[in-house]
Amino acid sequence: MVRMGNIYYFLYILIAIIITVLAVVFLRNKSQRFRHWFIFGIIMLAFTIHFLKIFIWPYTTVEAIFTKVSFENICAVSTLVFPFLYFTKNKTLKDYMVMVGMASGIITFIFPVDAMSEYFNGTIIGYRSAFNLEVMRFYFAHYLLFLIPFLMMRYQMHELSIHRAYRAPLVLILVLVLIFVNELIMTLFNWVPKEDLYDPSKRNPSFIFGVRGDLTGLGLFLGIFVPYFMRVHPLTGASFYWPVIWLIIPAIVYGGLMVLIFMFVYDYQETKLFFGRILGARSKEEVNIDLPK
């Protein structure tokens, strides 16, 4: 089984690195037009895999299978909207596509939650082997989300800008709202058990309903920026994460940090100038304050 730090954990990372290198080598001497449509082909491959998964176990055990190909989580949203975002002229949406796509893929390999978990669709089904078909699909599907924007940036099909940096975390929050609305619709049509709604130990796409257990591990990582009142029911006082709202501050903090890393990688000079101006202006203000009247 895949476990943090074991041989299978690093084997999947090694395979991803090898495929990335091969993709870069393959596209090295190709025309920009060829690269453009090659990347679109990868997007449609990811889109197709998203729907074909319903034919493999454990998806075959789900009664309302539509729920598993809907806007169920951040990665599902990316897979479903990438075919449209790829052709958009909106730079903010394209920024989101690039940064969230690459970040999702990288985070999947660093902490492959679904590959290591005994949970599926809110129920315990047992642990899966490292080369279980669903585990391999999980890695491959999320790897494609990384490869698509990586190749876009590699071949200069989009440019990130520090001046738009604040927008990506806001788009991420809107995506979380979309996931919440999707979950409400699934429940309204009885495709998802009503008793599972708002329960973080059941169906809990992208942690919109909180984290399992106490604030330890991942819960501590996310919850450190969450006010206490957002973790209790406003009427009963029982443990209750305010849906989506509890994630707003973590999304801004961690999303902002992620964006900053991308800016220093892909827009280094402008980002350096941007912070240079801010620090320079602040230093000037401090000098003016210290000057004798």
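Keep in mind the model is a prediction, meaning the values are calculated, not measured.

### Regarding empty space enclosed by the protein
Next, step 1: One pass over the structure, following the stated rule, counts one cavity of 30 Å³ or more.
Next, step 2: Computed from the structure, the largest cavity encloses a volume of approximately 50 Å³.
Next, step 3: Residue lining of the largest cavity: Tyr96, Met99, Val100, Ala168, Pro169, Leu172, Gly255, Met258 and Val259, and that is the complete set.
Next, step 4: Mapped by element, the contributors of at least two residues to the lining of the largest cavity are α4 (91-110), α7 (167-188) and α9 (248-266).

### Some words on α9
Next, step 1: Its 19 residues give α9 an end-to-end C-alpha distance of 26 Å, which sits within 8% of 27 Å, the value for a rise of 1.5 Å per residue.
Next, step 2: Buried within α9 we find Pro250, Ala251, Gly255, Val259, Phe262 and Met263.

### Observations regarding a nonpolar patch on the surface
Next, step 1: Where nonpolar side chains cluster on the molecular surface, the patch consists of Phe66, Val177, Val181, Ile185, Leu188, Phe189 and Trp191 and spans about 660 Å² of accessible area.
Next, step 2: The residue tryptophan 191 is located in the loop between α7 and α8 (218-223) in this model.
Next, step 3: Its relative accessible area of 38% is what places tryptophan 191 among the partly exposed residues.

### Focus on the nonpolar core
Next, step 1: Within the largest apolar cluster, 47 residues are counted, with the highest numbers of intra-cluster contacts made by Val2, Met97, Tyr139, Ile148 and Leu151.
Next, step 2: Those elements giving two or more residues to this core turn out to be α1 (7-27), α2 (32-52), α3 (74-85), α4, α5 (113-116), α6 (133-154) and α9.
Next, step 3: A per-element tally of this core places α6 first, with 14 residues.
Next, step 4: One finds Ile74, Val175, Leu222 and Val244 within the second-largest nonpolar core, a separate group that totals 23 residues.

### What about the layout of surface pockets?
Next, step 1: By volume, the second largest pocket amounts to about 270 Å³.
Next, step 2: Along its surface, the second largest pocket is lined by 17 residues, and Val62, Glu63, Asn121, Thr123 and Pro193 are the ones closest to its centre.
Next, step 3: Classifying every residue of the lining of the second largest pocket by side-chain character gives seven nonpolar, six polar and four charged.

### Some remarks on the side chain of glutamate 183
Next, step 1: Mapped onto the elements of the fold, glutamate 183 is located in helix α7.
Next, step 2: The class of glutamate 183 is buried, set by a relative accessible area of 1%.
Next, step 3: When residues no more than four places from it in sequence are discounted, the contact partners of glutamate 183 are Val192, Leu197, Arg203, Pro205 and Phe209.

Calculation criteria
Residues numbered from 1 in each chain as written. Predicted model: local features only at pLDDT ≥ 70, side-chain atom pairs only at ≥ 80, totals over all residues. Heavy atoms only, no water. 1 Å grid on protein atoms, 1.4 Å probe; cavity = no way out; pocket = protein on both sides within 12 Å on 5 of 7 lines; lining within 4 Å. Points joined across faces, edges and corners; volume = space filled by probe spheres on them. Helix = DSSP H or I, 4+ residues; strand = E, 2+ residues; numbered from the N terminus. Expected span 1.5 Å × (residues − 1). Buried < 20%, exposed > 50% of the residue type's maximum accessible area, 1.4 Å probe, protein only. Patch = residues over 30% accessible without salt bridge, like charges linked within 9 Å, V, L, I, M, F, W, Y side chains within 5 Å. Areas by Shrake-Rupley, 256 points an atom, 1.4 Å probe, with all protein chains shown as cover. Salt bridge = Lys/Arg side-chain N within 4 Å of Asp/Glu carboxyl O. Core = buried A, V, L, I, M, F, W, Y, C linked by side-chain atoms within 4.5 Å. Nonpolar A, V, L, I, M, F, W, Y, C, P; charged D, E, K, R; others polar. Contact = heavy atoms within 4.5 Å.

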